[in-house]
Amino acid sequence: MSKQLLVNYQTFEITPQQINESLSKNGGKLIVSGVLQRAESKNQNGRIYPKETLMREADKYEKGFIKEKRALGELDHPDSSVVNLNNVSHNVLGMNWQGNDLVGTVEVLGTPAGNILKELFKSGIRLGISSRGMGSVKEVMREGDSTLQVQPDFELVAFDFV
């Protein structure tokens, strides 16, 4: 199986009250929290991400990117496995598991793309967050349904707002 670019979409819920609280509490910075990815359930792309694989990748992402303040993401999904610094809109500050949900705290940056993201949030536009990674999928039967399961070769690249 060859690796391909895999993206996963998850609605990112944030209220106007949360935005206003963050801006006043963080000196004008917008810092938001929400579900970044859900394990063990079929996503909108028809794929299932095993929790074991996501836990491994979240741990690597935490140690390799978050701790080094390099957990950058873009506004929209590029067709690349490389984060383009010209399009960076946010930085993931931390992540933790709540059941099968990987929940993250994200700082919206003062970059051009970050300012667009902030204004979209402030305007009440419903956005999603999407993981981007490289890996392969395999068709499996699950609960009598044919579905694509992400394989252990999956490597997390970034979380993008879409």
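Preceding this section is the structure that the text describes.
Predicted model only: the values in this text are computed from it and were never measured.

Take the overall build of the chain next. Within the chain, the secondary structure is distributed over three helices and 10 strands. Ordering the α and β elements of the chain from the N terminus gives β-α-β-β-α-β-β-β-α-β-β-β-β. Taken against the 2.2 N^0.38 rule, which gives 15 Å for 162 residues, the C-alpha radius of gyration of the chain at 16 Å falls within 12% of a compact globule. When its C-alpha atoms are laid out on the principal axes, the chain stretches across 50 × 30 × 25 Å. Looking at the chain residue by residue over its 162 residues, the buried ones come to 43%. Within the chain, contacts between residues separated by at least 24 positions form 66% of all contacts whose residues are at least 6 apart in sequence. For the chain, the computed accessible surface area is about 8,300 Å², with 50% contributed by carbon and sulfur atoms. Charge-centre separation for the chain: the mean point of 19 positive side chains lies 3 Å from the mean point of 20 negative side chains.

Residues other than glycine seldom take positive phi values, yet Glu-40 does so here, at roughly 65°. Of note, Glu-40 is situated in the loop between strand E2 (30-38) and strand E3 (47-48). Even without being glycine, Lys-69 reaches a positive phi, approximately 55°. Relative to the helices and strands, Lys-69 resides in the loop between helix H2 (51-66) and strand E4 (72-74).

What follows covers helix H1 (residues 16-25). Taken residue by residue, H1 has Ile-19, Ser-22 and Leu-23 as its buried positions. Mapping the buried residues of H1 onto a view down its axis gives an arc of 95°, with all of them on the same face. Opposite the buried face of H1, at more than 90 degrees from it, the exposed residues are Gln-17, Asn-20, Ser-24 and Lys-25. Each element contacted by the buried residues of H1 is listed here: E2 and helix H3 (112-122). Gly-27 occupies a position one or two residues after H1 and carries a positive phi of about 60°.

Our focus in this paragraph is the packing of aromatic side chains. For the coordinates displayed, the defined rule picks out six aromatic pairs. Plain terms: the ring middles of Tyr-49 and Phe-154 are 5.4 Å apart, the flat faces sit at 80° to each other, and that makes the pair edge-to-face. Linking Tyr-49 in the loop between E3 and H2 with Phe-154 in the loop between strand E9 (145-150) and strand E10 (155-161), this pair joins segments that are 105 residues apart in sequence. Note on Tyr-49: relative accessible area 1%, which makes it buried. Clustering of aromatic rings is evident, with ring pairs tying together Phe-12, Phe-121 and Phe-161.

Across the sheet, three strands lie side by side as E3-E9-E8; this open sheet has mixed pairing. Across the chains shown, the open sheet's two edge strands, defined by having one partner strand only, are E3 and strand E8 (137-142). Pairing analysis gives two bridges linking E3 to E9, with the strands arranged parallel. Of the residues in E9, the one forming a bridge with Ile-48 is Gln-149.

Calculation criteria
Residues numbered from 1 in each chain as written. Predicted model: local features only at pLDDT ≥ 70, side-chain atom pairs only at ≥ 80, totals over all residues. Heavy atoms only, no water. Helix = DSSP H or I, 4+ residues; strand = E, 2+ residues; numbered from the N terminus. Rg over C-alpha atoms; globule rule 2.2 N^0.38 Å. Buried < 20%, exposed > 50% of the residue type's maximum accessible area, 1.4 Å probe, protein only. Contact = heavy atoms within 4.5 Å. Areas by Shrake-Rupley, 256 points an atom, 1.4 Å probe, with all protein chains shown as cover. Lys, Arg positive; Asp, Glu negative; His and termini not counted. Charge placed at Lys NZ, Arg CZ, Asp CG, Glu CD. Arc of directions from axis to C-beta. Phe/Tyr/Trp six-rings, centres within 6.5 Å; stacked < 30°, edge-to-face > 60°. Pairing = 2+ DSSP bridges.

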